[in-house]
Structures are given as C-alpha cells and as structure tokens.
Amino acid sequence: MSDFNLNAFSQAVADLAAKAAPAMASFATHHHRTASAFHWSDGYFVTAEEAVEAGEEIELTLASGVTVKAELVGRDPSTGVALLKPADAAAGVPVLARADTVRPGNIAIAIGNSQGSALAVSGSVGEVGPAWRSMRGGTIDRRIHLAVGAGGRFEGGPVLDANGALIGMLLFGPRGRALVMPYETIERAVATLREKGHVARGYLGAGLHPVRDRDAHGAMVMSLDDAGPAKAAGLSLGDIIVAWNGEAVHGPRDLIRRLGPDSAGASVTLGVVRGGEQRDVTLTIGEKPLS
C-alpha cells in the first residue's frame, strides 16, 4: 500500500469518526470512570447497563460540551442495554444509520466520548456468529466479536462499519473481550424500556447450588421463596433439577440462561431427582420482581 493510499485510508476513518461524533455523549459512572453513550432516537440515549446504577443522578456531557441531567428510563441486564433520557435534549443531535451485513475482517470503528472529547479507534470484526443467549438469559441476535483495542471509556459507545453506519454498541465480555450488542437487539430492548421501564425476567423462586456427583449433575434447591413458582409447584429443599423440558441442566448458570425475558409465563417441565429417584415437576415461570 502506498503512502498516499495509507494516508487516504487514515483520513477516511477520521472523517467517519468526526461525522458520528455529534451523536455522542459521556457520563461519570459509579465506578469513578467515564463511559460513553449515544443518541438512539427521539432524544433517548443508550449506553452500557453495567455503567449505570439505579437511583443515581446522571449528568450527560454532550459532544458540544454542554452538560445536561438525564433520567435512567430503564435497564436490561439480559442484553446489557440501558436507556437514558436527558431532561433537556439538545435539538439536532443526529441518529446513526443502521449497517447492512457485517462479516469477519470488515473494518470496525469504535467511537467514544470523554467529557466532550471525541474518541475513536479502528480495527476489524473478528467473529460473526448466530444468535446466542447471554448469561442472564437475553436473546442476542448475532454474535459479533471485535479485534479492536478499545479501552473502558469506549464502553457503551457505537461501533461503525466502513460506511459510518451502526453495527451495534460496544461492551466488554469475560477477560475484557470486546463484543458488539447488535442494533437489532438494542431496538427490542429500547422499545420495551420505553414502554415499561424494565425488561421482564423469568423467576423460579429458588436458591440453587451446583451439584456434580455420580448420581446427578444439575442444580440443587437450597432455599425456596414462600410465594415463588418453585414452592407452589411442590419443589422441596434438596431436590436436584437435572432437566428443563427434557434438556439436561448442567448447573445454576444453565438455569439462569433459560430464565430470560421470553420465559416469563411459560409452562415448563423440570426433571427433578429427589431421594435418588427422578420425577417430573410442571410449573409456570413467574416474572422476577423488580429490585
């Protein structure tokens, strides 16, 4: 690649970042650091759920440098999305266009903001896979991992393609791996948060502990909520849950993944080992009470 082409590429990336910068904002988190946010639509901003705390006062610093108070409309731990509404949304803040198909190797540009200063870093899409379920039961439309050296201030900011269109929001997974929450998933979470202020999660009403021995692998019931679905269905302390609708349950984490927003109200059959004997228990998954 010639020096001219390298310079042209460099300038093109910087131009895309500059075009997206007006949609950005930042705020100080309860972890005493800075996180990014960006305008989604209608004056609402999205950011990483992990960066916000219920009941805290949030002040958004817009790309213009103006600071405005913002309400936490709602948060969805299952997808990592939080929705903010500035009390005095600035007019003219752009909405990012949505990207088309993204493939491994495509250019990816992570955009951030830090107290009004624009942040940008380029890299590539490392992996694109099918829909998956998060550790907290959220259905994520696509698995997208990045080969991008972005730091914590970029969390909650947008990831753009080579056309400057939105692929999704930057989050950090286990071991700090950069991943993208696709815009389709954000769209669903935002719609529910605007309507209800929260995303329902399934509720079993049982405290669980992993079990791995010769007789059973699963999740042992260690406690029961008095008004919970598990107790109402007849589960007892010491029961080991080993199956969900005929599929093996390997431990509490496996159950939690199944207790996503789409599970609330569903009737399921749990395979349970009690006193060395296996039986089926049918119950209706509840909706997790708001904390």
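Residues numbered from 1 in each chain as written. Predicted model: local features only at pLDDT ≥ 70, side-chain atom pairs only at ≥ 80, totals over all residues. Heavy atoms only, no water.

1. Thoughts on the environment of Asp141
Applicable threshold: Runs of E in the DSSP output that reach at least two residues are strands. Runs of H or I that reach at least four are helices, and both are numbered from the N terminus. We call two residues contacting when some pair of their heavy atoms lies within 4.5 Å. We define a polar contact as two N or O atoms separated by no more than 3.5 Å, with the added condition that, inside protein, one atom must be a possible hydrogen donor and the other a possible acceptor, whereas residues neighbouring each other in sequence contribute only through side-chain atom pairs.
Within the secondary structure, Asp141 sits in the loop between strand E10 (139-140) and strand E11 (143-147). For the pair formed by Asp141 and Ile186, sequence separation is 45 residues and the distance between their alpha carbons is 9.6 Å. Each residue touching Asp141, except ones within four places of it in the same chain, is listed here: Pro130, Ala131, Glu184, Thr185 and Arg188. A polar side-chain atom of Asp141 sits 2.6 Å from a polar atom in the side chain of Thr185. Within polar-contact distance, the side chain of Asp141 engages the side chain of Arg188 at 2.6 Å.

2. Regarding the layout of surface pockets
To keep things clear, this is the line we draw: Of the two site types, the cavity is a set of points on a 1 Å grid over the protein atoms alone where a 1.4 Å probe fits but cannot get out, and the pocket is an open set with protein on both sides within 12 Å along at least five of seven lines, each lined by residues with an atom within 4 Å of a point. Grid points are joined across faces, edges and corners, and a volume is the space filled by probe spheres set on the points. Nonpolar residues are Ala, Val, Leu, Ile, Met, Phe, Trp, Tyr, Cys and Pro. Charged residues are Asp, Glu, Lys and Arg, and all others, Gly as well, are polar.
There is about 700 Å³ of room inside the largest pocket. Lining the largest pocket we find 25 residues, and of these Trp132, Phe172, Gly173, Pro174 and Leu179 sit closest to its centre. Looking at the lining of the largest pocket residue by residue, the class counts come to nine nonpolar, six polar and 10 charged.

3. Section: the sheet that holds strand E7 (residues 107-114)
For clarity, the threshold we go by: Two strands make a pair as long as DSSP finds a minimum of two bridges between them. Where helices are involved, their axes are fitted lines through C-alpha atoms of the stretch in contact, as for all axes, and angles between N-to-C directions lie from 0 to 180°.
Within the closed barrel, the six strands sit side by side as E7-E8-E11-E14-E13-E12. Their pairing is antiparallel. The sheet shows a mean angle of 45° between the axes of neighbouring strands, direction not considered. With two bridges joining them, E7 and strand E12 (residues 158-160) adopt antiparallel strand pairing. Along E12, the bridge assignment pairs Ala110 with Val159. Helix-sheet contacts for helix H2 (residues 183-196) involve strand E13 (166-172) and strand E14 (178-182), and the interaxial angle to E14 is about 55°.

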